[in-house]
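What follows is the residue order along each chain.
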Amino acid sequence: MADYVITLHPGDEDEFVEELLKTKRAKRVLIYKDGSEKTNIWKADKFNRTSPLINNIHSYIYHRKDTDQIAKVDITICGAGVASKPKITSKPKVTVIDDECEKSEAEPICPPIQGYDRDVSFVYYAENVSDEEKVPGLCSYLRELYGRIKQFAGRILYKEFRYCSEEFFKYIPVILKKECPVQTHKNNYEFATKKINEITKEKGAISVDDLKNALYYKQRIAGMFFAGKEPHIEIYFNQFESSCYDEYLACVLNTLAHEYAHYLEFEYCGRKRGKKSNKGSCVSEAIADFFSVLFSVDKGDMFDLNVAEGRYYWWREMFGSGLSYSYAFYFVKNMPRPFHNVIQDYYDNDNISNLVNVFMQTPKTDIAYSTLVNL
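As the structure is a computational prediction, the values presented were derived from the model and not from experiment.

Take the overall build of the protein chain next. Within the protein chain one finds 11 helices and 12 strands. Burial statistics for the protein chain: of 375 residues in total, 49% are counted as buried. Put simply, 70% of the contacts in the protein chain that link residues at least 6 apart link residues at least 24 apart. Element-wise, carbon and sulfur atoms account for 49% of the exposed surface of the protein chain, whose accessible area totals about 18900 Å².

Turning our attention to the side chain of Glu247. With respect to the element layout, Glu247 can be found in helix H6 (residues 245-269). An unpaired buried charge is present at Glu247: no salt bridge exists, and Arg220, the closest side chain of opposite charge, is 10 Å distant. Apart from the residues within four sequence positions on either side, Glu247 is in contact with Glu241, Ser242, Phe303 and Val307.

This paragraph deals with unusual backbone geometry. That bond from His9 to Pro10 is cis: its omega, 5°, falls within 30 degrees of zero. In this fold, Pro10 is placed in the loop between strand E1 (5-9) and helix H1 (13-23). One non-glycine residue, Lys24, lies in positive phi territory at about 60°. Relative to the elements of secondary structure, Lys24 occurs in the loop between H1 and strand E2 (25-32).

A cluster of acidic side chains, namely Asp12, Glu13, Asp14 and Glu15, defines a negative patch on the protein surface. Within the secondary structure, Asp14 is located in helix H1.

Next up on the list: the pattern of salt bridges. Applying the stated criterion across every chain yields a total of 14 salt bridges. The closest approach of N and O atoms between Lys195 and Glu198, which form a salt bridge, is 3.9 Å. Remark: Glu198 and Lys195 occur in helix H4 (residues 189-203); sequence separation between them is three residues, near one turn of the helix. A residue is classified by how much of its surface remains accessible, and Glu198, at 38% relative accessible area, is partly exposed. Each member of the salt-bridge network shares a partner with another, and the members are Arg148, Arg155 and Asp298.

Throughout the structure, instances matching the rule amount to zero disulfides. Here Cys244 stays unpaired: no disulfide links it, and the sulfur of Cys251, its closest cysteine neighbor, is 9.1 Å away. For Cys244, a relative accessible area of 28% translates into the label partly exposed.

Right, let's get into the sheet that holds strand E12 (residues 232-236). Taken in spatial order, the four strands line up as E7-E8-E12-E11 in an open sheet, and their pairing is mixed. Each end of this open sheet is capped by a strand with a single partner; those strands are strand E7 (123-125) and strand E11 (223-226). Each strand axis lies, on average, 20° off the axis of its neighbour in the sheet, ignoring direction. Relative to strand E8 (residues 174-177), E7 is paired through three bridges, and the arrangement is parallel. The partner of Tyr125 across the bridge, within E8, is Leu176. Helix-sheet contacts for helix H3 (residues 138-157) involve E7 and E8, and the interaxial angle to E7 is about 160°. Along the sheet, H6 contacts E8, E11 and E12; its crossing angle with E11, the most-contacted strand, is approximately 20°.

Calculation criteria
- Residues numbered from 1 in each chain as written.
- Predicted model: local features only at pLDDT ≥ 70, side-chain atom pairs only at ≥ 80, totals over all residues.
- Heavy atoms only, no water.
- Helix = DSSP H or I, 4+ residues; strand = E, 2+ residues; numbered from the N terminus.
- Buried < 20%, exposed > 50% of the residue type's maximum accessible area, 1.4 Å probe, protein only.
- Contact = heavy atoms within 4.5 Å.
- Areas by Shrake-Rupley, 256 points an atom, 1.4 Å probe, with all protein chains shown as cover.
- Lys, Arg positive; Asp, Glu negative; His and termini not counted.
- Salt bridge = Lys/Arg side-chain N within 4 Å of Asp/Glu carboxyl O.
- Patch = residues over 30% accessible without salt bridge, like charges linked within 9 Å, V, L, I, M, F, W, Y side chains within 5 Å.
- Charge placed at Lys NZ, Arg CZ, Asp CG, Glu CD.
- Disulfide = S-S within 2.5 Å.
- Pairing = 2+ DSSP bridges.
- Axes fitted to C-alpha atoms, helices over the stretch in contact; angles between N-to-C directions.

Right, here's the structure in full:
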């Protein structure tokens, strides 16, 4: 007989099965007898209406090496309710029930910023955006989830910054703009040559456009962090390509997390150094991109996971090009593939500790760069 308790959310088994058939994703929290927890995502692509739910859960636990140490398995459907109302969820030490946080008696992981500020008014449209151009629900959605980003940052960095004031993790203004800036990146020689050879092998003769695409990579800028006396973030809400509204929201939220990571780096070391070098840019973008992917995985909804997975494969495709964002692949390049094996057990894989380690080195660019590329 199993020596652990299984808790489902929603609690009714039939209702849980119906939701799992829709989303094919559920968040599993393994709670151990010593009080520690591990989180991963159940990818239930093969699960169908005739599949025995509880037996599936028992089978997963049985095949783990730490089965005897598990006291409870808490399983929550991913993606439920996102379209109608973004539901804020939380990680260990806080349980969310009917959108109200119930704190446990255990010491909170990041006391200075526990909870979410739902009345945040730091997210707003630029003055030149008309009502017809605004995306319905976008502003309120970001306002509600902005606190989730701030809390995630505090949770992973709190041990290093426990003596910092609460201002370190403060909100900064987020302006939603309709401009669509584009950045051109020149690929390095080896990467461009490889792309040209691939095109030639596939098509034969290479065209001028193919040559330009191999030599230069153009990307739309989805967001930017602006430093200075009044730091702020700009999100260009027309830049996102997505198959549905929920995925669009996940893309914008991921971008906000990326830019907020830039703000944290600026607060930590930006005032201590001058203009970033090429190495500094690579480290900075790697930290911000990896932070945003871990945040999307931490949030755990199906659309957030899809955005995170797409970002991962983009790093992998562009790795070696010299594109600063692709340096995030160093965090995961030595880990098992495919994506869900690399990221979903990110607490187990020390991804967060690696991210914090590189982040702490950022005041010394060469050391931070060396730490990153030698992970």
